[in-house]
Each structure stands twice: as C-alpha cells, then as structure tokens.
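As a plain string of letters, each chain reads:
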Amino acid sequence: MRILTAKQIKQVEERAFSGDFTEEGLMLSAGTACYNRILKYYGDSIQSKKIAVFCGNGKNAGDGFVIADLLVKSGVDACIVLADNPPYLPEPKLYFDQAVADGVKDYYFAEYTFDCDIIVDCIFGIGFHGEPKAPFGEIFDAVNHSGAEVISIDTPSGTDATTGEVIHAVRADLTIAISTLKFAHVLPPANAYCGKVVTVNIGIPESCYDNNYAKTITKADVKKKFIKRDKNFHKGSFGHQLNICGSYLMPGAAVICAKAALKTGVGLLKCVFPKSLYPVMTAHMIQPVFKPICENEQKTISIGAMNDIFEELKWADSVAIGCGIGNNDDTQVIVGQVVKSSEVPVVLDADGINAVAPFIDIIKDKKAPLVVTPHPAEMARLIGESTDYVQNHRIDVAKAFAAENDVIVVLKGANTVVTDGKAVFVNMNGNAGMAMGGTGDMLTGMIGSFIAQGIEPLEAAKSAVFIHGFCGDITAQELSQRGMTVEDMLSLMGALMSEFEA
C-alpha cells in the first residue's frame, strides 16, 4: 500500500481534477466511503449510538457534512458540531447546507454538551501543520476527554500528515485514511494518535499516481518471495549461513540469532563464537555446526581468530555478525575485516554496528551487499545525531544513510523502515510486546536465513521484518504483550512459516 505526503496526495487529486473528477464529486465520494466504513466497523450497533461529527471550516469538513447527512438518513442519531466558523468554501458549504436541509442538527462547539457515544473528527485535514490556534487546542482536549470513541477522517486533527509531528492533537481510536496512507499513520509520534488505521478507496484512477512512493510491506508480496521446495532439493539447496555472534556476557544473542535462522528454513548453519560459550550453545541447540574459536581476556572473539573466520567466509552464502559480540579493539577489527572481505551478503547488527561506527566509511569498501539493522540509538551513533533526531526523521535518515553508503538499512522500531536508498518500505505489523532484548537478534538471524536461501537482500530484509512482526502479533494474541518472550516467538515461528510456503 502506498504512503504519501500531503503534497503528493494533493498532486494526485489535481490529476484527478484534470480528468473527469470535480472537487465536489471527490468530496461526496470520500464522505460516502467513510460513512460506509463506519457502518461496516460498527455493524447493527450503530443504530443505538449517538454520533457527533466535529467539523472545521475547510475541505475536510465537507467529508464530515456528507457523513452526518448519510448517518441521519440511515436512521442514526447524528449531529454536526462546528468547531469554529461555518464553512465558507463552496464545496463544504454545499454539503453543510444540504445536511441541514435534510434535518441534521448543527451546534457550535461552545453550546454542545457532549451527549454522544462516538465523535467523528473532521476538524482538520492533511494540510494541518504546527500548533493549533485557539479555540482548537481546547476542542482537541474536550474530544480527548469526552469518553466517546473517536473516529478521525484521513488523519487525526493536529497531526502533520507529512512529518508525523504532533504538538497538540486529537487521539483517535480509529482513523479512516482516504485513498492512501499518509506518513502521519506510520511515523512517530503521530502514529500513536491514530488508533487502528483503515483505508478507503474513493475512486481516484491508478493513472493519477506515480511509481515512486513509499509503500507498506504486505503479506502477499512477502509470500511471493518463497519458492516451492522441490522434492529433490537437499540441505545445500537452502543455503549456508555463518553466524559470528555472542560473548561471555551475551551468549543469549548468539542462541536467539541461530534459532531464528533455523526456524525460518536455512539449510546449514555454522555458529562462530568464543570458546567459553560452548556449553551454553550446545545446551540450547543441536542442529548447527559449532565453531568455537579463541577469545581475549574479555571473553569476546579474539583478533587471533581472524584466519579461522576468513576460512569460514569461503563456505558461507550469508553472514550474520554482531549480535552480542561486545565492542572492543578486537571486535572492531574483526567486524571491519568481515565487512571488507566477505564476498557474500552480510547482515550487520547490534555490536557489529557499534564496532564500525567510529570508522563508518569502511562499509563503503565492501565487496558484497550489506544489510545494516540499527535501532534508533545505534542509528544516531552512526550519523552523529541524537536518538530524538532519528525518531523525528526516520524515513529521511534511513534513506539518506542507505544511499550515501550503498547499503540496505533496516531502521527498527514501531513501523520499521526498510530502504536501499531509493525505494522505501514501512512495516505496519508488530506490537509493543516486542520491545525487549533479543528481538533484534531474532530479526538478524531471519534476514541472514532468507538471504542464504536465495532471496535478494532487500527482499530478504522486507520479508524478515514482516514475518518477524507477524510472529510478534500472534505471540501477543496467544499470551500477552507483557508476558511474551523471544523464546515464545521462536517457538511459534516454525508453524508460522507455513503461511509463506508455496
């Protein structure tokens, strides 16, 4: 699904207006589509609800006037609440006058007593940015504290559709996005104000859209990447993955990364780790090939193991490096040499990212594709900015870093961003229960597994991110967001992969 900025959607609408569409007709189509989606959402219970449609005086209000009129015509107790002045633009005024003529009651905000079960928010549309002027801040607070369910049309009023910025805004339980998603639906902090997000088609032709928009990652697209397993395939057909992970203080990262690779179908997995981890690794797994190597005083991989690692690189179809390896002089050299020397794609995570941060230009010397999987704080270290800066510019930061360094970036967090510097993809599944240690290690193992199985690195990253979030959602449903663990996710992953088998 496409994700557009306010400017981009306005360009799409202008193209529609140059054809057979009119502003008036598009407004009617949008209001009708939103009305139908509200009916679908509530079903027969809508007849017992009192609904107040809060409208500003811009074009977004026109959608609200259409919704209110259709609700009353269908027997629902609905009214219009004018947030400020009556509409003055011709199209919204047309539908306001029509709704009033059809018997829809209208009130000014100052006189409305909030006697409603549902509030439909049509106060501001995608053109809003900055801080609301009086009286709108007061209105937003009143809506948020009303106790009513809130449905925002297109974007919650007060959110910036393009940047996701929020200073003061309506908090919705449901947001009905018109035609396409906007960045307010996927970027923090606005995404936390949207509640459940659904989209409605208002009939704009495909010819009005370009091909260069950001997109969501969909299950259908991911499923296409997994070929049917031939009866005569053997273990070598599904790839060799080399994991260089773990240290004495963080053995679990190596275990999680390895289990994730195995649970997602890699043919052969070899785990390289400091020799003191051998009891932990063998206690938790029996399927991988184990390669314990020499360690330093900190019980991380020693630089003396470099020749052994070079030999293992010749065997691999993909390399996952960094999960729990620690960050010191030895690991910095090892990570740098692996990135520079590997002739197969490398997935760089966690301490691997921290290791290259001081000399980031080394990643430009790589021979093979590189997938970098930072969380926001790691991304901040890579670019010399604050974590807040990264979170406030997620798309721009990820895309710029990927383009400048010719890498694939997986910027983790709510609505993970995947980009190669040209195309941008945003993941919409997953939940806050996944915000715990180990889920990133799991994702790294999955990306490496899919690459080893022959999926192109960008598509492998997209697929892993989607399936990872999908697994997290199912785990949360089975257990709870607070009670779920990475081990719970791993235990479900094997069965979950049946959803993606051709």
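You'll find the structure just up there.
Parameters at a glance
- Residues numbered from 1 in each chain as written.
- Predicted model: local features only at pLDDT ≥ 70, side-chain atom pairs only at ≥ 80, totals over all residues.
- Heavy atoms only, no water.
- Axes fitted to C-alpha atoms, helices over the stretch in contact; angles between N-to-C directions.
- Helix = DSSP H or I, 4+ residues; strand = E, 2+ residues; numbered from the N terminus.
- Parallel < 35°, antiparallel > 145°, perpendicular 65-115°, else oblique.
- Left-handed = near helix turned anticlockwise from the far one by under 90°.
- Contact = heavy atoms within 4.5 Å.
- Core = buried A, V, L, I, M, F, W, Y, C linked by side-chain atoms within 4.5 Å.
- Buried < 20%, exposed > 50% of the residue type's maximum accessible area, 1.4 Å probe, protein only.
- Phe/Tyr/Trp six-rings, centres within 6.5 Å; stacked < 30°, edge-to-face > 60°.
- Lys NZ or Arg CZ within 6 Å of the ring centre and 35° of its normal.

Observations concerning the packing of helix H7 (residues 251–263) against helix H17 (residues 486–496)
Working step 1: One can describe the packing of H7 onto H17 by two numbers: an axis separation of 9 Å at closest approach and a directional angle of 15°. With respect to H17, the element H7 is oriented roughly parallel. The hand of the H7/H17 crossing is left-handed. Within the contact between the two elements, H7 uses Ile256, Lys259, Ala260 and Lys263 and H17 uses Val486, Glu487, Leu490, Met493 and Gly494.

Describing the nonpolar core
Working step 1: Core analysis: the largest hydrophobic core is formed by 51 residues, its most contacted members being Ile244, Ile309, Val319, Val338 and Ile363.
Working step 2: Apart from residues no more than four positions distant in its own chain, valine 319 is found in contact with Leu242, Ile244, Leu313, Val338, Ser342, Val344, Pro345, Val346 and Val347.
Working step 3: Counting 48 residues, the second-largest nonpolar core is a separate cluster that includes Ala6, Ala16, Tyr42 and Ala161.

Brief notes about unusual backbone geometry
Working step 1: The peptide bond linking alanine 134 to proline 135 adopts the cis configuration, its omega dihedral lying at 5°.
Working step 2: Residue placement: proline 135 occurs in the loop between strand S5 (118–122) and helix H5 (136–144).
Working step 3: Backbone torsion omega between proline 188 and proline 189 reads 0°, so that peptide bond is classified as cis.
Working step 4: Of note in the backbone geometry, aspartate 154 takes a positive phi value of approximately 75° without being a glycine.
Working step 5: Residue placement: aspartate 154 occurs in the loop between strand S6 (149–153) and strand S7 (174–178).
Working step 6: Despite not being glycine, serine 179 shows a phi value in the positive range, around 75°.
Working step 7: Its location among the elements puts serine 179 in the loop between S7 and strand S8 (181–182).

Here we look at the packing of aromatic side chains
Working step 1: Evaluated as defined, the whole model comprises 19 aromatic pairs.
Working step 2: Measuring from ring centre to ring centre gives 6.0 Å for phenylalanine 54 and tyrosine 112, while their planes differ by 85°; the resulting arrangement is edge-to-face. Highlighted residues: phenylalanine 54 in strand S2 (residues 50–55) and tyrosine 112 in the loop between strand S4 (105–108) and S5, separated in sequence by 58 residues. The pair formed by phenylalanine 54 and tyrosine 112 is uniform in burial state, with each residue classed as buried.
Working step 3: Taken together, the ring pairs connect Phe54, Tyr107, Phe109, Tyr112 and Phe114 into an aromatic cluster.
Working step 4: Here the basic side chain of arginine 229 rests over the ring of phenylalanine 238, its NZ or CZ set 3.5 Å away from the ring centre.
Working step 5: One residue, lysine 462, lies across the ring of phenylalanine 425, its end atom 3.7 Å from the ring centre.

Quick word on helix H12 (residues 376–383)
Working step 1: Residues of H12 that are buried include every one of Pro376, Glu378, Met379, Ala380 and Leu382, and no others.
Working step 2: On its buried face, H12 is in contact with helix H11 (351–356), strand S16 (370–372), helix H13 (387–392), helix H14 (394–405) and strand S17 (408–411).
Working step 3: Once H12 finishes, glycine 384 follows within two positions and takes phi at roughly 70°, a positive value.

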